[in-house]
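# Structural overview
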Amino acid sequence: QGYDLYVWDGNTTTSHVYATSARAWLRVSTIVVIDDTHPGDTTRCRLSDSAYLGINIKPVVNLGRDTVLCMDEKLILTAGVIDSLYTYQWSTGAVSESIEVGAGEAQYWVKVTSQKGCSTTDTIAILACTRSMLLGEIPNTFTPNGDGDNDVWNVPQLAKFPEARVEIYDRSGRMVWNNQQAYRKTATVGWDGTDLNGRELPMGGYYYIIDLKRPGTPAVVGHINLVR
(Lines give C-alpha, C1' and ligand atoms only; values in the text may rest on other atoms or scores of the structure.)
Protein backbone atom coordinates (compact mmCIF):
# COMPACT_ATOMS: atom_id res chain seq x y z
CA GLN A 1 0.00 0.00 0.00
CA GLY A 2 1.06 3.62 -0.52
CA TYR A 3 2.62 3.29 -3.97
CA ASP A 4 1.53 5.07 -7.15
CA LEU A 5 1.89 2.15 -9.53
CA TYR A 6 1.62 -1.63 -9.21
CA VAL A 7 2.51 -4.07 -11.96
CA TRP A 8 2.05 -7.82 -11.43
CA ASP A 9 3.37 -10.62 -13.63
CA GLY A 10 0.02 -10.82 -15.41
CA ASN A 11 0.11 -7.05 -16.10
CA THR A 12 -2.51 -6.47 -13.42
CA THR A 13 -2.15 -3.00 -11.91
CA THR A 14 -4.24 -3.32 -8.74
CA SER A 15 -2.66 -3.31 -5.29
CA HIS A 16 -3.44 -7.01 -4.80
CA VAL A 17 -4.20 -10.09 -6.89
CA TYR A 18 -5.33 -13.68 -6.36
CA ALA A 19 -2.43 -15.90 -7.38
CA THR A 20 -3.25 -18.95 -9.52
CA SER A 21 0.25 -19.96 -10.62
CA ALA A 22 3.21 -21.36 -8.78
CA ARG A 23 5.27 -18.14 -9.11
CA ALA A 24 4.19 -14.52 -8.84
CA TRP A 25 6.19 -11.30 -8.96
CA LEU A 26 5.35 -7.68 -8.21
CA ARG A 27 6.95 -4.41 -9.25
CA VAL A 28 5.92 -1.21 -7.44
CA SER A 29 7.02 2.35 -7.97
CA THR A 30 6.37 5.83 -6.64
CA ILE A 31 7.26 9.36 -7.69
CA VAL A 32 9.85 11.07 -5.48
CA VAL A 33 10.50 14.86 -5.52
CA ILE A 34 14.26 15.46 -5.69
CA ASP A 35 14.25 19.13 -4.66
CA ASP A 36 11.44 20.95 -2.86
CA THR A 37 12.43 24.19 -4.62
CA HIS A 38 11.94 22.53 -8.01
CA PRO A 39 8.68 20.49 -7.78
CA GLY A 40 8.95 19.42 -11.38
CA ASP A 41 12.29 17.75 -10.77
CA THR A 42 11.16 14.21 -9.92
CA THR A 43 12.26 10.66 -10.41
CA ARG A 44 10.45 7.31 -10.08
CA CYS A 45 11.72 4.82 -7.51
CA ARG A 46 11.01 1.18 -8.32
CA LEU A 47 10.94 -1.92 -6.14
CA SER A 48 10.22 -5.49 -7.15
CA ASP A 49 9.79 -8.81 -5.40
CA SER A 50 8.71 -12.34 -6.28
CA ALA A 51 7.43 -15.36 -4.41
CA TYR A 52 6.90 -19.02 -5.17
CA LEU A 53 3.51 -20.35 -4.16
CA GLY A 54 2.75 -23.97 -3.37
CA ILE A 55 -0.72 -24.69 -4.77
CA ASN A 56 -2.26 -27.96 -3.59
CA ILE A 57 -4.97 -29.38 -5.84
CA LYS A 58 -8.10 -30.78 -4.17
CA PRO A 59 -9.00 -34.37 -5.17
CA VAL A 60 -11.79 -34.74 -7.72
CA VAL A 61 -14.38 -37.20 -6.37
CA ASN A 62 -17.48 -38.42 -8.21
CA LEU A 63 -19.64 -41.27 -6.90
CA GLY A 64 -22.06 -40.90 -9.80
CA ARG A 65 -25.76 -40.19 -9.97
CA ASP A 66 -28.29 -41.38 -7.39
CA THR A 67 -29.24 -44.97 -8.23
CA VAL A 68 -32.07 -47.47 -7.71
CA LEU A 69 -31.12 -51.01 -6.66
CA CYS A 70 -33.66 -53.82 -6.46
CA MET A 71 -33.46 -57.04 -4.45
CA ASP A 72 -30.08 -58.74 -4.89
CA GLU A 73 -28.52 -56.06 -7.07
CA LYS A 74 -25.13 -54.75 -5.99
CA LEU A 75 -23.16 -51.64 -6.88
CA ILE A 76 -19.46 -50.91 -6.53
CA LEU A 77 -18.91 -47.33 -5.38
CA THR A 78 -15.49 -45.98 -6.32
CA ALA A 79 -14.12 -42.70 -5.06
CA GLY A 80 -12.91 -41.93 -8.59
CA VAL A 81 -9.42 -41.09 -7.33
CA ILE A 82 -7.00 -44.00 -7.10
CA ASP A 83 -3.67 -42.85 -5.73
CA SER A 84 -1.48 -44.19 -2.96
CA LEU A 85 -0.99 -40.62 -1.73
CA TYR A 86 -4.70 -40.27 -0.91
CA THR A 87 -6.61 -41.55 2.10
CA TYR A 88 -10.28 -42.57 2.03
CA GLN A 89 -13.01 -42.40 4.65
CA TRP A 90 -16.48 -43.80 3.88
CA SER A 91 -19.68 -43.31 5.83
CA THR A 92 -19.64 -47.07 6.43
CA GLY A 93 -16.28 -46.84 8.19
CA ALA A 94 -14.37 -48.37 5.27
CA VAL A 95 -11.02 -46.84 4.30
CA SER A 96 -10.59 -48.51 0.91
CA GLU A 97 -10.80 -46.88 -2.52
CA SER A 98 -14.16 -48.55 -3.22
CA ILE A 99 -17.00 -50.33 -1.43
CA GLU A 100 -19.88 -52.61 -2.44
CA VAL A 101 -23.45 -51.66 -1.50
CA GLY A 102 -26.77 -53.42 -1.94
CA ALA A 103 -30.45 -52.57 -2.26
CA GLY A 104 -32.20 -50.56 0.41
CA GLU A 105 -32.80 -46.84 0.74
CA ALA A 106 -29.61 -45.25 2.06
CA GLN A 107 -27.02 -42.53 1.54
CA TYR A 108 -23.29 -43.11 1.29
CA TRP A 109 -20.49 -40.55 1.32
CA VAL A 110 -16.75 -40.68 0.92
CA LYS A 111 -14.09 -38.18 1.94
CA VAL A 112 -10.82 -38.25 -0.01
CA THR A 113 -7.82 -36.46 1.48
CA SER A 114 -4.53 -35.74 -0.28
CA GLN A 115 -1.10 -35.98 1.31
CA LYS A 116 -1.11 -32.18 1.59
CA GLY A 117 -4.33 -32.20 3.62
CA CYS A 118 -6.73 -31.06 0.88
CA SER A 119 -9.99 -33.02 0.94
CA THR A 120 -13.16 -33.44 -1.10
CA THR A 121 -16.42 -35.19 -0.19
CA ASP A 122 -19.16 -36.63 -2.40
CA THR A 123 -22.47 -38.33 -1.58
CA ILE A 124 -24.72 -40.76 -3.44
CA ALA A 125 -28.26 -41.90 -2.58
CA ILE A 126 -29.46 -45.46 -3.14
CA LEU A 127 -33.18 -45.11 -3.80
CA ALA A 128 -36.00 -47.48 -2.91
CA CYS A 129 -37.10 -49.94 -5.57
CA THR A 130 -40.75 -49.28 -6.39
CA ARG A 131 -43.49 -51.85 -6.95
CA SER A 132 -43.68 -51.09 -10.66
CA MET A 133 -39.95 -51.79 -11.02
CA LEU A 134 -40.38 -55.21 -9.43
CA LEU A 135 -43.76 -56.44 -10.67
CA GLY A 136 -44.81 -54.15 -13.48
CA GLU A 137 -48.49 -53.26 -13.77
CA ILE A 138 -50.70 -55.44 -11.56
CA PRO A 139 -54.26 -56.01 -12.89
CA ASN A 140 -57.05 -54.63 -10.70
CA THR A 141 -60.03 -56.31 -12.41
CA PHE A 142 -60.80 -59.76 -13.81
CA THR A 143 -63.91 -61.59 -15.00
CA PRO A 144 -63.90 -65.31 -14.14
CA ASN A 145 -67.02 -66.20 -16.16
CA GLY A 146 -65.57 -69.02 -18.23
CA ASP A 147 -65.47 -67.20 -21.57
CA GLY A 148 -61.71 -67.64 -21.84
CA ASP A 149 -61.05 -63.91 -21.65
CA ASN A 150 -59.52 -62.47 -18.47
CA ASP A 151 -60.77 -65.42 -16.42
CA VAL A 152 -57.74 -65.52 -14.11
CA TRP A 153 -56.11 -62.79 -12.04
CA ASN A 154 -52.41 -63.20 -12.61
CA VAL A 155 -49.17 -61.27 -12.08
CA PRO A 156 -46.75 -62.63 -14.72
CA GLN A 157 -43.67 -61.00 -13.17
CA LEU A 158 -44.10 -63.20 -10.10
CA ALA A 159 -42.54 -66.02 -12.12
CA LYS A 160 -39.21 -64.39 -11.20
CA PHE A 161 -39.95 -64.86 -7.49
CA PRO A 162 -40.54 -68.58 -6.90
CA GLU A 163 -40.70 -68.14 -3.12
CA ALA A 164 -43.30 -65.37 -3.24
CA ARG A 165 -46.56 -65.83 -1.35
CA VAL A 166 -49.80 -64.30 -2.64
CA GLU A 167 -52.84 -64.01 -0.39
CA ILE A 168 -56.35 -62.80 -1.31
CA TYR A 169 -58.69 -61.35 1.34
CA ASP A 170 -62.33 -60.34 1.25
CA ARG A 171 -63.64 -57.10 2.71
CA SER A 172 -64.14 -58.65 6.13
CA GLY A 173 -60.43 -59.45 6.32
CA ARG A 174 -60.86 -63.19 5.80
CA MET A 175 -58.22 -64.86 3.64
CA VAL A 176 -60.06 -66.62 0.82
CA TRP A 177 -57.14 -67.78 -1.32
CA ASN A 178 -53.37 -68.07 -1.41
CA ASN A 179 -51.09 -69.28 -4.15
CA GLN A 180 -49.51 -72.07 -2.07
CA GLN A 181 -46.42 -71.80 -4.23
CA ALA A 182 -48.44 -72.11 -7.45
CA TYR A 183 -46.21 -69.52 -9.13
CA ARG A 184 -43.26 -71.82 -8.59
CA LYS A 185 -44.62 -74.02 -11.40
CA THR A 186 -45.81 -71.59 -14.04
CA ALA A 187 -46.55 -67.90 -14.45
CA THR A 188 -49.97 -68.72 -15.95
CA VAL A 189 -51.36 -70.04 -12.66
CA GLY A 190 -53.32 -67.41 -10.75
CA TRP A 191 -56.52 -66.77 -8.85
CA ASP A 192 -59.62 -67.96 -10.72
CA GLY A 193 -62.16 -66.38 -8.36
CA THR A 194 -62.66 -69.44 -6.14
CA ASP A 195 -61.79 -69.96 -2.51
CA LEU A 196 -59.36 -72.52 -1.08
CA ASN A 197 -62.08 -75.19 -1.38
CA GLY A 198 -62.74 -74.44 -5.04
CA ARG A 199 -66.07 -72.68 -4.47
CA GLU A 200 -66.92 -69.62 -6.52
CA LEU A 201 -66.67 -66.37 -4.64
CA PRO A 202 -69.21 -63.57 -5.10
CA MET A 203 -68.63 -60.47 -7.16
CA GLY A 204 -67.11 -57.57 -5.32
CA GLY A 205 -63.93 -56.02 -4.08
CA TYR A 206 -61.01 -58.02 -2.70
CA TYR A 207 -57.47 -57.12 -1.84
CA TYR A 208 -54.17 -58.90 -2.21
CA ILE A 209 -50.94 -59.06 -0.23
CA ILE A 210 -47.83 -60.16 -2.12
CA ASP A 211 -44.78 -61.07 -0.06
CA LEU A 212 -41.76 -61.53 -2.32
CA LYS A 213 -39.80 -63.19 0.50
CA ARG A 214 -36.81 -60.97 -0.16
CA PRO A 215 -35.04 -59.17 2.71
CA GLY A 216 -35.61 -55.44 2.66
CA THR A 217 -38.49 -55.67 0.17
CA PRO A 218 -41.84 -54.62 1.68
CA ALA A 219 -45.06 -56.48 0.95
CA VAL A 220 -47.13 -55.25 -1.98
CA VAL A 221 -50.78 -54.53 -1.20
CA GLY A 222 -53.54 -53.67 -3.65
CA HIS A 223 -57.20 -53.97 -4.62
CA ILE A 224 -58.94 -56.36 -7.06
CA ASN A 225 -62.43 -56.19 -8.53
CA LEU A 226 -64.03 -59.57 -9.23
CA VAL A 227 -66.71 -59.16 -11.92
CA ARG A 228 -68.90 -62.00 -13.18
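Going by the structure above, here's the rest.
Reference entry: report on the structure contained in this document. Not measured: the values here are computed from a predicted model.

Criteria and thresholds
- The numbers attached to residues start from 1 for each chain and follow its sequence in the written order.
- Local features in this predicted model are restricted to residues whose pLDDT is 70 or higher, and side-chain atom pairs enter the listing and the counts only when it is 80 or higher, whereas totals over whole chains, interfaces and linings include all residues.
- Based on all heavy atoms of the structure, the side-chain values leave hydrogens and waters out of the count.
- Counted as salt bridges are all cases of a side-chain nitrogen of Lys or Arg within 4 Å of a carboxyl oxygen of Asp or Glu.
- Each residue gets one of three labels from its accessible area relative to the maximum for its type: buried under 20%, exposed over 50%, partly exposed in between, using a 1.4 Å probe on protein chains only.
- Secondary structure follows DSSP: runs of H or I at least 4 residues long count as helices, runs of E at least 2 residues long count as strands, and numbering of each begins at the N terminus.
- Only when DSSP finds a minimum of two bridges between them are two strands counted as paired.

## Examining the pattern of salt bridges
By the definition in use, this model includes five salt bridges. In this structure, the salt-bridge partner of R174 is D170, at a minimum N-O distance of 3.3 Å. Residue D195 is joined to R199 by a salt bridge in which the shortest nitrogen-to-oxygen separation is 3.1 Å. Residue class for R199 comes out exposed when judged on its relative accessible area of 52%.

## Re unusual backbone geometry
Backbone geometry places N150, a non-glycine residue, at a positive phi of 60°. Tracing the sequence through the fold places N150 in the loop between β10 (141–142) and β11 (165–169). Overall, the relative accessible area of 38% leaves N150 in the partly exposed class.

## Things to note about the sheet that holds strand β4 (residues 67–68)
Ordered by their spatial adjacency, four strands build an open sheet running β4-β9-β8-β6, and the pairing between neighbours is mixed. Where the open sheet ends on each side, the last strands, each with one partner, are β4 and β6 (87–90). Here eight bridges tie strand β8 (residues 106–113) to strand β9 (residues 119–127), and the two strands are oriented antiparallel to one another. Across the sheet, V110 pairs through a bridge with D122, a residue of β9.

Function-wise, these values are silent; they only describe arrangement.
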